[in-house]
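So you can see what is in the structure, the chains are spelled out below.
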Amino acid sequence: NDIRAYARDVVLKEIEKHAADGLGRVDYALASGGAVVVKHSEPYLAGKGSNWFVMSGRNGVRNEAEKMLKPSFGEPGQCFALKGSSGFVEIRLRTAIIPEAITLEHVAKSVAFDRSSAPKNCRVSGWLEGQNIEWSYDAGKMFLLAEFSYDLEKSNAQTFNVLDSAGSSIIDTVRFDFTSNHESPSHTCIYRLRVHGHEPDSVSMMPVQS
Amino acid sequence: NDIRAYARDVVLKEIEKHAADGLGRVDYALASGGAVVVKHSEPYLAGKGSNWFVMSGRNGVRNEAEKMLKPSFGEPGQCFALKGSSGFVEIRLRTAIIPEAITLEHVAKSVAFDRSSAPKNCRVSGWLEGQNIEWSYDAGKMFLLAEFSYDLEKSNAQTFNVLDSAGSSIIDTVRFDFTSNHESPSHTCIYRLRVHGHEPDSVSMMPVQS
Amino acid sequence: NDIRAYARDVVLKEIEKHAADGLGRVDYALASGGAVVVKHSEPYLAGKGSNWFVMSGRNGVRNEAEKMLKPSFGEPGQCFALKGSSGFVEIRLRTAIIPEAITLEHVAKSVAFDRSSAPKNCRVSGWLEGQNIEWSYDAGKMFLLAEFSYDLEKSNAQTFNVLDSAGSSIIDTVRFDFTSNHESPSHTCIYRLRVHGHEPDSVSMMPVQS
Ligand SMILES: [K+]
Ligand SMILES: [K+]
Ligand SMILES: [K+]
């Protein structure tokens with residue numbers, strides 16, 4: 001009976017986590033939270049699928065770029081495809097944060113048509129672009145946040161902690177670089193990139209950061 | 001072994017409920033079912049996030065209003081934001097029903113940027129707007145359906161039974177009033193409001209209601 | 001303790017399957033994968049719900065047709081409605097495959113307004129439409145893939161294996177025919193049709209198929 005209560009508890013907790021964006025962790029790179037892709041390498045314009053031919057938005061950023069800042073809900077195709085096996089994307093976060101972890105997600109193995117387009121070796125860096133006078137002394141300084149390899153055999157959302165060397169730097173922009181993929185010669189698909197962290201406490205940061 | 005079967009059973013039942021709109025209960029205020037927002041207090045037009053600047057639809061109802069009649073799928077930002085800490089929304093239901101319960105949903109704690117914009121003290125009333133000759137004798141009579149407080153510490157979808165005083169009144173329109181929120185001075189976000197109940201049985205209602 | 005580990009394991013596996021499009025099975029009829037509805041019987045244009053009045057796309061195929069090639073996420077109304085209790089839809093798949101199973105899905109009982117519009121007796125056939133020189137010898141040959149009855153008492157996504165008589169035929173187009181529904185006199189709603197299978201291995205197929 002005790003076991004039954006336990007089983008029920010585990011189920012409810014895990015479903016709650018699943019319902020809370022899969023990880024139950026705040027994502028400052030979420031489109032519906034205000035994050036936007038501001039720059040990217042050459043997109044992949046497949047002949048098949050007319051949805052690739054939608055036009056570019058402001059600053060030459062393609063509309064499909066937003067897909068990598070949104071949930072995929074287990075659907076293959078809900079990704080941003082870039083040309084070749086290396087490239088990059090720059091994302092302006094919802095707000096300035098102290099980053100803690102990065103999550104890279106690809107489509108689940110069981111429903112994928114082909115997973116060779118998944119990114120493999122990746123690097124995420126971040127900096128403070130500013131606009132905000134009080135933090136501008138930090139602007140321009142770039143921090144390496146994480147270097148990792150996306151593993152096709154592990155769970156489809158893979159989380160990597162930010163390197164200690166990044167300290168508790170404040171950033172509002174990240175750059176995601178991939179230098180290889182899982183053997184697709186034509187393109188690399190990014191299903192979703194999340195940036196976890198917390199907003200700097202305005203009281204504590206003032207004297208500490210100066 | 002018996003326990004294993006039990007565990008499996010609990011899991012499948014809970015996932016089924018989760019997959020069935022989270023609660024497994026019919027919602028007559030669902031946009032895809034035909035419900036619409038017909039009136040609301042002043043919307044909150046945040047400077048940040050260009051999606052707030054979409055234009056209003058018919059009768060001055062903003063397009064984002066529909067968000068509160070749709071699932072949120074664990075995404076922060078998928079809500080209708082109204083100015084200040086009090087306000088209201090009126091919703092025409094899919095069809096005339098005898099209401100049984102109201103569900104108010106906010107974004108899950110674990111993924112929220114800020115939950116101070118959640119409504120706190122709420123009141124839901126309903127009436128029959130009509131169009132339908134056979135029920136029009138009831139038109140204009142307003143029923144208090146529920147009064148409740150949304151609790152940030154409880155599960156994110158909170159269901160409240162309709163008051164006995166509402167009897168088995170037939171309604172096709174509800175008004176959701178909030179008189180306070182969880183301390184946001186600028187705005188209040190409504191992620192989703194659901195109205196549960198059943199359609200009046202045309203045979204039984206005739207003599208009883210006259 | 002062993003039991004606890006087991007319970008946790010079951011939960012995580014089932015949630016993973018749920019998150020992977022509900023079945024954890026590749027679907028070659030998925031819109032986001034490139035599949036399209038190419039032909040259908042007369043659509044049902046309900047007076048209620050302005051979304052039914054959207055215009056037709058290319059070849060007289062209505063835009064709502066795409067709904068049946070997309071996930072429904074437990075929402076009633078996310079379907080393609082056809083007039084009457086019999087009709088058909090033809091779908092061009094993402095690519096040519098050897099079909100293995102068909103899944104027909106309707107909205108869950110617990111959240112449905114009315115399930116009388118569910119298809120009942122169904123037949124799925126398939127053929128190779130071609131464009132591709134190497135497979136064109138097969139073009140025009142039509143295969144009966146499955147005949148089944150959708151059961152309102154069973155789980156809402158029902159999977160049927162392809163008949164042995166279809167052998168390992170290669171198809172890129174399917175036709176879904178329904179000859180009855182669950183007693184709705186006006187219309188039949190198709191929430192989703194999936195086509196499972198695998199892509200022919202170009203090496204093995206050459207000699208075998210000729
Ligand atoms: K996505
Ligand atoms: K919503
Ligand atoms: K659907």
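Residues numbered from 1 in each chain as written. Chains lettered and ligands numbered in written order. Predicted model: local features only at pLDDT ≥ 70, side-chain atom pairs only at ≥ 80, totals over all residues. Heavy atoms only, no water.

Novice: What should I look at first to understand the overall build of chain A in this one?
Specialist: Scanning chain A from terminus to terminus reveals two helices and nine strands. If you list the helices and strands of chain A from N to C, you get α-β-β-β-β-β-β-β-β-β-α. The buried share among the 210 residues of chain A stands at 53%. Across chain A, the fraction of contacts at a sequence separation of at least 24, relative to all contacts at a separation of at least 6, is 77%. When the accessible area of chain A is evaluated, it comes to approximately 9,500 Å², of which 50% is carbon and sulfur surface. (Helix = DSSP H or I, 4+ residues; strand = E, 2+ residues; numbered from the N terminus. Buried < 20%, exposed > 50% of the residue type's maximum accessible area, 1.4 Å probe, protein only. Contact = heavy atoms within 4.5 Å. Areas by Shrake-Rupley, 256 points an atom, 1.4 Å probe, with all protein chains shown as cover.)

Novice: I would appreciate a short explanation of the coordination of the potassium ion (ligand 3) in the present structure.
Specialist: Ideal values differ by geometry: the angle at a metal is 109.5 degrees with four tetrahedral donors, but 90 or 180 degrees with six octahedral donors. Listed as protein donors to the potassium ion (ligand 3) are C:Lys67 (O), C:Lys70 (O), C:Ser72 (OG), C:Gln78 (O) and C:Tyr191 (O); their distances from the metal cover 2.6 to 2.8 Å. For C:Lys70, a relative accessible area of 35% translates into the label partly exposed. (Donors = N, O, S within 2.8 Å, 3.2 Å for Na, K, Ca; no water.)

Novice: Even after reading the chapter, I still don't get the packing of helix H1 (residues 2–19) of chain B against helix H1 (residues 2–19) of chain C, so can you show me in this structure?
Specialist: Look at H1(B) against H1(C): their axes get within 10 Å of each other, and the N-to-C directions meet at 30 degrees. Compared by their axis directions, H1(B) and H1(C) come out roughly parallel. Handedness of the H1(B)/H1(C) crossing: right-handed. Only C:Asp2, C:Ile3, C:Tyr6, C:Ala7, C:Val10, C:Val11, C:Glu14, C:Ile15 and C:His18 of H1(C) make contact with H1(B), whose side of the interface consists of B:Ile3, B:Arg4, B:Ala7, B:Arg8, B:Val11, B:Leu12, B:Ile15, B:His18 and B:Ala19. For the contact of H1(B) with H1(C), the class distribution of residues is 12 nonpolar, two polar and four charged. (Axes fitted to C-alpha atoms, helices over the stretch in contact; angles between N-to-C directions. Parallel < 35°, antiparallel > 145°, perpendicular 65-115°, else oblique. Left-handed = near helix turned anticlockwise from the far one by under 90°. Nonpolar A, V, L, I, M, F, W, Y, C, P; charged D, E, K, R; others polar.)

Novice: Sorry, what's going on with the interface of chain A and chain C here?
Specialist: How big an interface is tends to be stated in terms of the accessible area lost upon association of its parts. Contact residues are listed per partner, giving 21 residues for chain A and 22 residues for chain C. Our enumeration of links across chain A and chain C arrives at two salt bridges. Between C:Arg8 and A:Glu14 there is a salt bridge, with the nearest N and O atoms lying 2.8 Å from each other. Across the chain A-chain C interface, the total number found is six residue pairs in polar contact (both at pLDDT 80 or more). (Salt bridge = Lys/Arg side-chain N within 4 Å of Asp/Glu carboxyl O. Polar contact = N/O pair within 3.5 Å; in protein donor to acceptor, adjacent residues only side chain to side chain.)

Novice: How should I be thinking about the packing of aromatic side chains in this particular structure?
Specialist: Any aromatic ring pair is given by two values, namely how distant the centres are and how the planes are angled relative to each other. In this structure the tally under the stated criterion is 12 aromatic pairs over all chains. Taking 5.4 Å as the distance between ring centres and 50 degrees as the angle between the ring planes, the aromatic pair formed by A:Phe113 and C:Tyr28 counts as tilted. Here the residue A:Phe113 occupies a position in the loop between strand S3 (87–105) and strand S4 (121–127), and C:Tyr28 occupies one in the loop between H1 and strand S1 (36–40), the pair thus bridging two chains. Neither residue differs from the other here; A:Phe113 and C:Tyr28 are each classed as buried. (Phe/Tyr/Trp six-rings, centres within 6.5 Å; stacked < 30°, edge-to-face > 60°.)

Novice: Please explain the relation of the copies chain B and chain A as it appears in this structure.
Specialist: There are two copies of the chain, and a rotation about an axis plus a shift along that axis relates them. Between the two copies, chain B and chain A, the superposition gives an RMSD of 0.0 Å; the rotation angle is 120 degrees and the shift along the axis is 0.0 Å. Expressed as a symmetry operation, the mapping of one chain copy onto the other fits a three-fold axis. (Least-squares fit on C-alpha atoms with pLDDT ≥ 70 in both.)

Novice: Teacher, can you tell me more about the coordination of the potassium ion (ligand 2) here?
Specialist: Residue and element names in this part refer to chain B. At this site the potassium ion (ligand 2) is bound by Lys67 (O), Lys70 (O), Ser72 (OG), Gln78 (O) and Tyr191 (O), with donor distances of 2.6 to 2.8 Å. In primary sequence terms, the donor set of the potassium ion (ligand 2) follows K-x2-K-x1-S-x5-Q-x112-Y. A relative accessible area of 5% means that Ser72 is categorised as buried.

Novice: Please clarify how the pattern of salt bridges should be interpreted in this entry.
Specialist: When the charged atoms of two side chains lie near each other, side chains of opposite charge can form a pair. Summed over the entire model, instances satisfying the criterion amount to 48 salt bridges over all chains. Residue A:Lys13 is joined to A:Asp9 by a salt bridge in which the shortest nitrogen-to-oxygen separation is 3.2 Å. With A:Lys13 and A:Asp9 both in helix H1 (residues 2–19) and four residues apart, this pair spans about one turn of that helix. Its relative accessible area of 41% is what places A:Asp9 among the partly exposed residues. A salt bridge links B:Lys70 to B:Glu66; its shortest N-O distance comes to 3.3 Å. Owing to a relative accessible area of 40%, B:Glu66 belongs among the partly exposed residues under this scheme. Each of A:Asp21, A:Asp27, A:Glu105, A:Arg192 and A:Arg194 takes part in one network of salt bridges that share partners.

Novice: Please clarify how the interface of chain B and chain A should be interpreted in this entry.
Specialist: Taken together, the contact between chain B and chain A spans 21 residues of the former and 22 residues of the latter. Between chain B and chain A the total buried area reaches about 2,000 Å² when both faces are included, carbon and sulfur atoms providing 67% of it. Across the pair A:Arg4 and B:Asp2 runs a salt bridge whose closest N-O atoms are separated by 3.6 Å. (Buried area = accessible area lost by both parts, 1.4 Å probe.)

Novice: What is the right way to look at the side chain of B:His40 in this model?
Specialist: All names here are of chain B. Mapped onto the elements, His40 comes out in strand S1 (residues 36–40). A distance of 3.1 Å separates a polar atom in the side chain of His40 from the backbone nitrogen of Arg62. Beyond its immediate sequence surroundings of up to four residues, His40 is in contact with Gly60, Val61, Arg62, Ala65, Phe80, Leu82, Phe88 and Val89.

Novice: Just to check I follow, could you spell out the environment of A:Ile15 for this structure?
Specialist: For A:Ile15, the location among the structural elements is in helix H1. Ignoring sequence-local partners within four residues, the contact set of A:Ile15 consists of B:Glu14, B:Ile15, B:His18 and C:Ile15.

Novice: Any chance you could explain a nonpolar patch on the surface here in plain terms?
Specialist: There is a patch of nonpolar side chains on the surface, built from A:Phe73, B:Phe73 and C:Phe73 and spanning about 220 Å² of accessible area. Look at B:Phe73 and you get partly exposed, because its relative accessible area is 31%. (Patch = residues over 30% accessible without salt bridge, like charges linked within 9 Å, V, L, I, M, F, W, Y side chains within 5 Å.)

Novice: How do you make sense of the environment of A:Val36 when you look at a structure like this?
Specialist: All names here are of chain A. Looking at where Val36 falls in the secondary structure, it is placed in strand S1 (residues 36–40). The partly exposed category is assigned to Val36, whose relative accessible area is 27%. Separated by 25 residues in the primary sequence, Val36 and Val61 have C-alpha atoms spaced 9.7 Å apart.

Novice: What's the story with H1(C) in this structure? I'm lost.
Specialist: Note that an α-helix has 3.6 residues per turn; residues three or four places apart therefore point the same way. Relative to the 26 Å expected for 18 residues at 1.5 Å per residue, H1(C) spans 26 Å between its end C-alpha atoms, a close match to the ideal helical length. Where H1(C) is concerned, the buried positions are C:Ala7, C:Val10, C:Val11, C:Glu14 and C:Ile15. Down the axis of H1(C), the smallest arc covering the buried residues is 125 degrees, so these residues share one side. Counted as exposed and oriented over 90 degrees from the buried face of H1(C): C:Asp2, C:Lys13 and C:Glu16. On its buried face, H1(C) is in contact with H1 of chain A together with H1 of chain B. Where H1(C) terminates, the next one or two residues include C:Asp21, which has phi positive at roughly 65 degrees. (Expected span 1.5 Å × (residues − 1). Arc of directions from axis to C-beta.)

Novice: Before we go on, may I ask you to explain the pairing of strand S7 (residues 171–178) of chain C in this structure?
Specialist: Along any regular strand the residues' side chains alternate between the sheet's two faces. Residues and elements named next belong to chain C. Burial analysis of S7 places eight of its eight residues in the buried class, which makes it a mostly covered element. In terms of strand pairing, strand S3 (residues 87–105) meets S7 through seven bridges, oriented antiparallel. Along S7, the bridge assignment pairs Ile97 with Ile171. Of the strand pairs in this sheet, strand S4 (residues 121–127) and S7 are connected by six bridges, and their pairing is antiparallel. When the bridges of S7 are listed, Gly126 appears paired with Val174. (Pairing = 2+ DSSP bridges.)

So far we have only geometry, and geometry alone does not tell us how the molecule works.
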